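Structural features, examined
In case you want the letters, here they are:
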Amino acid sequence: MNETLLPALLGMGTGLALIVAIGAQNAYLLRLGIDGAPRTVLTVVLICALSDAVLILAGVVGIGGLIRAMPEALTVIRFLGAGFLVVYGLMAARRALRPGPGQALVPTAEEEPERLGGDPEGGPGTTTIVRGTGTRTSTALGAAVLTTLALTWLNPHVYLDTVVFLGSVANQQVGEARWWWAGGAVTGSFVWFFALGFGARLLRPVFARPAAWRVLDGLIAVVMIALGASLAFGA
């Protein structure tokens, strides 16, 4: 039992330690989880988790050595990723400084509010909880997929951290334990991305105010531009 459970738990812990951080992918998924349609969020969550799984397993089978032998390819990916992050960050900054219409999650005419306590008509002492998707325009599925793929696969750190680092740690396990370790790391990725993507919807009441979106977009702009600059200058 310990020969399988312990490596799996170690793999999950190591994988979570790498991905539970403020990064471009997580920042984008957080924003999408708040205002995206469930189908879009599910698709993006699966792309993130399955991409991680592919990269982790690639490291286990030894692709990390090939990546280390191709520094020119990582350089190209680094500059493409830096450009994408900076452009996306500038778009987020524009949303923060000049928000357009529909910058809040508000009920539609078809949505039935649920009132807790107080006057049934919504008088003093009444708390209103809106059930529904709101009128704010959600990110289109195609755009979300392309953005997620770019944020995931144009990040050179994902190859160094996930393929090279996690792959080398996994291969330090003895025999079949490396596959249990990899399985734990993959499980950690699925747990994290599903929790972030669908747990973000709990913040919807906060983002019923346009100012909240401006703050979030401002933070996302800072994260994206800072990460893009760090990639461009080789940090």
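Residues numbered from 1 in each chain as written. Predicted model: local features only at pLDDT ≥ 70, side-chain atom pairs only at ≥ 80, totals over all residues. Heavy atoms only, no water.

**Quick word on the overall build of the protein**
A count of helical and extended segments in the protein gives nine helices and two strands. Ordering the α and β elements of the protein from the N terminus gives α-α-α-α-α-β-β-α-α-α-α. Counting every position in the protein, which comprises 235 residues, the buried fraction comes to 39%. Counting only contacts in the protein whose residues sit at least 6 apart along the sequence, the fraction spanning at least 24 positions is 83%. When the accessible surface of the protein is summed, it comes to about 12,300 Å², and 70% of that surface belongs to carbon and sulfur atoms. (Helix = DSSP H or I, 4+ residues; strand = E, 2+ residues; numbered from the N terminus. Buried < 20%, exposed > 50% of the residue type's maximum accessible area, 1.4 Å probe, protein only. Contact = heavy atoms within 4.5 Å. Areas by Shrake-Rupley, 256 points an atom, 1.4 Å probe, with all protein chains shown as cover.)

**So, helix α2 (residues 24-35)**
If you check α2, its first and last C-alpha atoms are 17 Å apart, about what twelve residues at 1.5 Å a residue would give, namely 16 Å. A large share of α2 lies buried, amounting to eleven of its twelve residues. Burial in α2 covers these residues: A24, Q25, N26, A27, Y28, L29, R31, L32, G33, I34 and D35. (Expected span 1.5 Å × (residues − 1).)

**Looking at the nonpolar core**
The biggest cluster of nonpolar side chains holds 29 residues, and the ones touching the most others in it are Y28, F193, I220 and M224. Of all the secondary-structure elements, those providing two or more residues to this core are α2, α3 (38-60), α5 (71-97), α6 (141-153), α8 (177-199) and α9 (210-232). The element best represented in this core is α9, accounting for seven residues. Among all residues touching I220, those that are not within four sequence positions of it are A27, R31, Y88 and A92. A53, I56, L166 and W181 belong to the second largest nonpolar core, which has ten residues in total. (Core = buried A, V, L, I, M, F, W, Y, C linked by side-chain atoms within 4.5 Å.)

**Observations regarding a nonpolar patch on the surface**
A contiguous nonpolar patch, built from L57, V61, I63, L66, M70 and W179 and spanning about 520 Å² of accessible area, is present on the exposed surface. Following the sequence through the fold, L57 ends up in helix α3. (Patch = residues over 30% accessible without salt bridge, like charges linked within 9 Å, V, L, I, M, F, W, Y side chains within 5 Å. Salt bridge = Lys/Arg side-chain N within 4 Å of Asp/Glu carboxyl O.)

**Let's talk about the packing of α3 against α6**
For any two helices packed against each other, the geometry is given by the interaxial angle and the distance between the axes. Packing of α3 against α6 leaves a shortest axis separation of 10 Å and a crossing angle of 25 degrees. Looking at the two axes, α3 sits roughly parallel to α6. The way α3 lies across α6 gives a crossing that is right-handed. Between α3 and α6, the residues in contact are R39, T40, T43, V44, I47, C48, S51, V54 and L55 and L141, A144, V145, T148, L149, T152 and W153, respectively. (Axes fitted to C-alpha atoms, helices over the stretch in contact; angles between N-to-C directions. Parallel < 35°, antiparallel > 145°, perpendicular 65-115°, else oblique. Left-handed = near helix turned anticlockwise from the far one by under 90°.)

**Considerations on the packing of aromatic side chains**
For the structure shown, the criterion picks out six aromatic pairs. When the centroid spacing of 6.4 Å and the interplanar angle of 25 degrees are considered together, the rings of F84 and Y88 count as stacked. Of this pair, F84 and Y88 both sit in helix α5, four residues apart, roughly one helical turn. Relative to W213, the ring of F207 has its centre 4.8 Å away and its plane inclined at 55 degrees; by these criteria the two rings are tilted. Here F207 matches W213 in class, with each residue buried. In this structure an aromatic cluster arises from ring pairing among Y28, F84 and Y88. (Phe/Tyr/Trp six-rings, centres within 6.5 Å; stacked < 30°, edge-to-face > 60°.)

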